[in-house]
Amino acid sequence: MITRHRALAAASLGLAVTAGGLVTATTAQAYDTGKTTISCSAVKIRKAPSKTSAVVGIGYRSDKVVYDQWAYKKAERTWYTRGTVTRKSDGKKVRGYMIYNCANPYQTNPAPKPSIPK
């Protein structure tokens, strides 16, 4: 049974690498790590990738972001970036999901979005 789980994990990892890190599910997720900055004047950082999720903090333009995941919320047709924001104003670190257009790896606004999963 353990060998089967390892084989499944290896196949999943191989697929993720082949697809450039994009794994599709109900909420599509891609795992990667990198650094960027907030490109909007302000963005709400949420507990989960949803517009109705609890807000855990606010990020402001030029605050640093270390991201490790992207999520696509099908019901909202919205991409989110998950990461840790380090605010310039007080040095506080806030971890959560923010709108992809405001925290994207390309440091531009609007960001080129990943393709929408089917």
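Residue indices follow the written sequence of each chain, beginning from 1 at its first position. Reporting of local features is limited, given that this is a predicted model, to residues whose pLDDT is at least 70; pairs of side-chain atoms are given and counted only at 80 or more, and all residues count toward the totals for whole chains, interfaces and linings. Excluding hydrogens and water, the side-chain figures rest on all heavy atoms present in the structure.

1. Observations concerning the environment of Trp-79
Piece 1. Here Trp-79 is to be found in strand 6 (residues 78–86).
Piece 2. Residues Trp-79 and Tyr-100, spaced 21 residues apart in sequence, show a C-alpha to C-alpha distance of 5.4 Å. Numbering of helices and strands starts at the N terminus; helices are DSSP runs of H or I of at least 4 residues and strands are runs of E of at least 2.

2. Let's talk about the packing of aromatic side chains
What characterises a pair of aromatic rings is the spacing of the ring centres plus the angle enclosed by the ring planes.
Piece 1. Whether two aromatic rings pair depends on their centres lying within 6.5 Å, for rings of Phe, Tyr and Trp, where Trp uses its six-membered ring; planes under 30 degrees apart make the pair stacked, over 60 edge-to-face, and the rest tilted. Counted under the stated rule, the structure contains three aromatic pairs.
Piece 2. Considering the side-chain rings of Tyr-72 and Trp-79, the 5.1 Å spacing of their centres and the 50 degrees angle between planes classify their relative orientation as tilted.
Piece 3. The rings of Tyr-67, Trp-70 and Tyr-100 are connected pair by pair, giving a single aromatic cluster.

3. Side note on the pattern of salt bridges
Piece 1. The term salt bridge refers to a pairing of a side-chain nitrogen on Lys or Arg with a carboxyl oxygen on Asp or Glu at a separation within 4 Å. Evaluated as defined, the whole model comprises three salt bridges.
Piece 2. Between Asp-68 and Arg-95 there is a salt bridge whose closest N-O contact spans 2.6 Å. Separated by 27 residues along the polypeptide, Asp-68 in strand 5 (residues 64–73) and Arg-95 in strand 7 (residues 93–99) bring together distant segments of the chain.
Piece 3. One network of salt bridges, in which partners are shared, links Asp-68, Arg-82 and Arg-95.

4. Quick word on the pairing of strand 6
Piece 1. The element strand 6 is extensively covered by neighbouring structure, given that seven of its nine residues are classed as buried.
Piece 2. Bridge analysis of strand 5 against strand 6 gives nine bridges, and the strand direction is antiparallel. Following the sheet pairing, Tyr-72 is matched in strand 6 by Trp-79.
Piece 3. The turn joining strand 5 and strand 6, which pair antiparallel and follow one another in sequence, is formed by four residues; a positive phi near 55 degrees is taken by Arg-77.
Piece 4. Strands are labelled as partners when DSSP assigns at least two bridges between them. With seven bridges connecting them, strand 6 and strand 7 associate as antiparallel partners. Directly across from Val-85, in strand 7, lies its bridge partner Val-94. Buried means the residue's accessible area, taken with a 1.4 Å probe over protein chains only, is under 20% of the maximum for its type, while exposed means over 50%, and partly exposed covers the values in between.

5. Regarding the confidence of the model for the protein chain
Piece 1. pLDDT is a residue-level measure of predictor confidence that goes from 0 to 100. Taken as a whole, the protein chain shows an average pLDDT of 75; of its residues, 63% reach a score of 70 or greater.
Piece 2. Here a residue-residue contact requires only that any non-hydrogen atoms of the pair lie within 4.5 Å. Every residue in residues 1–26 scores below 50 in pLDDT, and together they form 15 contacts with partners more than four places removed in sequence or on other chains.

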